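# Structural characterization, general
Letter by letter, the chains look like this.
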Amino acid sequence: MIIGILGGGQLARMLALAGYPLGLQFILLDPSADACGIGLGEHLHGAYDDQQLLARLAEKADVVTYEFENVPADVATFLASHTRVYPNPKALAVAQDRLLEKNFLQHLDIPTPKFLPVTDLTELQQAMQEIPYPAILKSRTMGYDGKGQVLLKSARDLPDAWRKMHGVLAIVESFVPFQREVSIIAARSPSGEIAYYPLSENQHAGGILRVSECLANDHLQQRAEDYVTWLMEALDYVGVLALELFDVDGHLLANEFAPRVHNSGHWTIEGAETSQFENHLRAILDLPLGSTAPRGHAAMVNFIGGQPNTGQILAIDHAHLHLYGKVPRKGRKVGHATLRSDDSAQLDSALKKLVAVANSVDDS
Ligand code: AMP
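Cut-off values and rules
Residues numbered from 1 in each chain as written. Predicted model: local features only at pLDDT ≥ 70, side-chain atom pairs only at ≥ 80, totals over all residues. Heavy atoms only, no water. Phe/Tyr/Trp six-rings, centres within 6.5 Å; stacked < 30°, edge-to-face > 60°. Buried < 20%, exposed > 50% of the residue type's maximum accessible area, 1.4 Å probe, protein only. Near = heavy atom within 4 Å. Polar contact = N/O pair within 3.5 Å; in protein donor to acceptor, adjacent residues only side chain to side chain. Areas by Shrake-Rupley, 256 points an atom, 1.4 Å probe, with all protein chains shown as cover. Helix = DSSP H or I, 4+ residues; strand = E, 2+ residues; numbered from the N terminus. Domains from an automatic or database assignment. Contact = heavy atoms within 4.5 Å. Buried area = accessible area lost by both parts, 1.4 Å probe. Salt bridge = Lys/Arg side-chain N within 4 Å of Asp/Glu carboxyl O. Axes fitted to C-alpha atoms, helices over the stretch in contact; angles between N-to-C directions. Parallel < 35°, antiparallel > 145°, perpendicular 65-115°, else oblique. Left-handed = near helix turned anticlockwise from the far one by under 90°. Nonpolar A, V, L, I, M, F, W, Y, C, P; charged D, E, K, R; others polar.

### A few points about the packing of aromatic side chains
Tallying each qualifying case throughout the model produces 5 aromatic pairs. On the basis of an interplanar angle of 75° and a centroid distance of 6.0 Å, the ring pair of Tyr20 and Phe26 is categorised as edge-to-face. Judged by its relative accessible area of 5%, Phe26 is buried.

Shown next as structure tokens:
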């Protein structure tokens, strides 16, 4: 079987690494000549809306999926008229626009922070009569890792904040005083079977994920599973999806969802019976889903901006290194390490060491 992937970055790379043992082959469409996943399959080199390349992809791939959601939605629609595309184009369209996404979540009774759409400075000023400070102004599209976001502390910030948006459509939402950020990752097959991973607790800095820890038996697991079930069923979703949530005094508020494998699920590579990457492939191929049970305690630390020293990481007990083969650049994720242990104290001690190394190479 040949899997087509829109995007050739590290998520495509890890999907391919999970797919080789299952006898799968990969064909990746990516505009970049040096995307880090392209060595793992045939590379279609060109724009995401290049009609000839899309026709080749549709012809060659048994099923097409994405590793990043900012592919034009009509590209997914075009592909879906020629081959199987999972998740379906509707999931992509909803996830790539923060306003559609938040309206969709609210329509499903999944709580979100209070938000309002904004198209100009006057609307922003009007919206801020209803939304308390502090608040966040976010571009509706092309936002990830905190990009396209401005914190609003008072009415004085509004003109400058709006200038920074460069006229794009936006939403403004209340800044949530959360105790924790968590995410739930689940895989759904075409028949509607869903497998849920334990919640991940996620630490961000500067809008970028730094550390994720697997939370076995968290008291909010069931609530999060309910929300992700409603979302997947409403979208008739196939594949892995990640729903990011804020825990505010034991209540979950949805921030956003990613229609793909997700950085907060990288701990599943060694930390779960079946990784999120393998389960995504199983789901889109309509194969039985694998167990999502954690293998003891697990965590993940991102390396951002600089390459860690391989020997130094491998000297840390329970650490498994995953480098993406990317040239380091400020704020760029170049790899991660997964930790897995049967003993929580050992995991905590290894995590501290790993975070220290990650901080020492981090330039952001
Ligand atoms: P996003 O790009 O929406 O995932 O935002 C990146 C990060 O910014 C989140 O993971 C949070 O740490 C923070 N953030 C985003 N929206 C909010 C909010 N409404 N309240 C508090 N923090 C937020």
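### Quick notes on the site of the ligand
The ligand sits among 16 residues. The nearest are Gln149, Glu173, Val176, Glu181 and Glu256. Between the ligand and Gln149 there is a distance of 2.8 Å, counted from an oxygen atom to a side-chain nitrogen or oxygen. In the model, an oxygen atom of the ligand is placed 3.3 Å from a nitrogen or oxygen of the His204 side chain. When the ligand sits alone it has 480 Å² of accessible area, and the protein chains cover 93% of it. At the level of secondary structure, the elements contributing two or more residues to the shell around the ligand comprise strand 7 (135-139), strand 9 (170-174) and strand 15 (251-258). If you count residues domain by domain, the shell around the ligand takes at least three from each of domain 2 (114-174) and domain 3 (180-361).

### Considering the domain arrangement of the protein chain
We note that the domain assignment places domain 1 (2-85), domain 2 (114-174) and domain 3 (180-361) within the protein chain. Taking only C-alpha atoms into account, the centre of domain 1 sits 22 Å from that of domain 3. With 19 residues of domain 1 at the interface, the matching set in domain 3 holds 19 residues. Interface of domain 1 and domain 3: buried area, both sides summed, is about 1,700 Å²; carbon and sulfur atoms make up 72% of it. In this assembly, domain 1 and domain 3 are joined by 1 salt bridge. For Arg260, the salt bridge identified is with Glu69, shortest N-O distance 2.6 Å. There are 5 residue pairs in polar contact (both at pLDDT 80 or more) connecting domain 1 and domain 3.

### Some remarks on the packing of helix 2 (residues 51-60) against helix 3 (residues 73-80)
At their nearest, the axes of helix 2 and helix 3 sit 10 Å apart, and the two run at 45° to each other. Considering the angle they form, helix 2 stands oblique to helix 3. Crossing handedness for the pair helix 2 and helix 3: right-handed. Contacts from Gln51, Leu54, Ala55, Leu57 and Ala58 of helix 2 reach helix 3 at Val75, Phe78 and Leu79. Its residues placed into classes, the contact of helix 2 with helix 3 shows 7 nonpolar, 1 polar and no charged.

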